[in-house]
Amino acid sequence: YLKIDCSTLLRYVSCSFNFFRLMIGSILITHKFYTDLFFCNSLFAALTNLSLQEINDIEIEFLYQIDFNLTVGKSEYEEYHEGIVTFIHSEQNK
């Protein structure tokens, strides 16, 4: 979910706190989308030391930033998979 238009990213991530919010949003949405048993936003609030309202705001803002598109296309998945496999092989050969 972090692969978004650069202009959107630069507008959204203007300081380290916003980067933190972006990461929290990504983790929260990914976890809810890909697992059957997901944690309540109140647990994310406790883990991140943010208020529940802030977590709720981060979640909805993140969804709007990605235009509620929670899917990854096959070609994009294969591109990242290949990159990860290549990285792992290069690390193992060091």
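For the structure, see preceding data.
All values reported here derive from a predicted model rather than from experimental measurement.

Another aspect to go through is the side chain of Thr48. If you trace the backbone, Thr48 turns up in helix 3 (residues 41-48). A residue is classified by how much of its surface remains accessible, and Thr48, at 14% relative accessible area, is buried. Residue contacts for Thr48: discarding those within four places in its chain leaves Phe20, Ile24 and Ile55.

On to the packing of aromatic side chains, then. Taken as a whole and assessed by the stated rule, the structure comprises two aromatic pairs. Aromatic pair Phe33 and Tyr34: ring centres 4.9 Å apart, planes at 90°, arrangement edge-to-face. The class of Phe33 is partly exposed, set by a relative accessible area of 38%. Where Tyr64 meets Phe68, the ring centres are 4.9 Å apart and the plane angle is 85°; that geometry is what we call edge-to-face. On the basis of relative accessibility, which here comes to 42%, the residue Phe68 falls in the partly exposed class.

About the thresholds
Residues numbered from 1 in each chain as written. Predicted model: local features only at pLDDT ≥ 70, side-chain atom pairs only at ≥ 80, totals over all residues. Heavy atoms only, no water. Helix = DSSP H or I, 4+ residues; strand = E, 2+ residues; numbered from the N terminus. Buried < 20%, exposed > 50% of the residue type's maximum accessible area, 1.4 Å probe, protein only. Contact = heavy atoms within 4.5 Å. Phe/Tyr/Trp six-rings, centres within 6.5 Å; stacked < 30°, edge-to-face > 60°.

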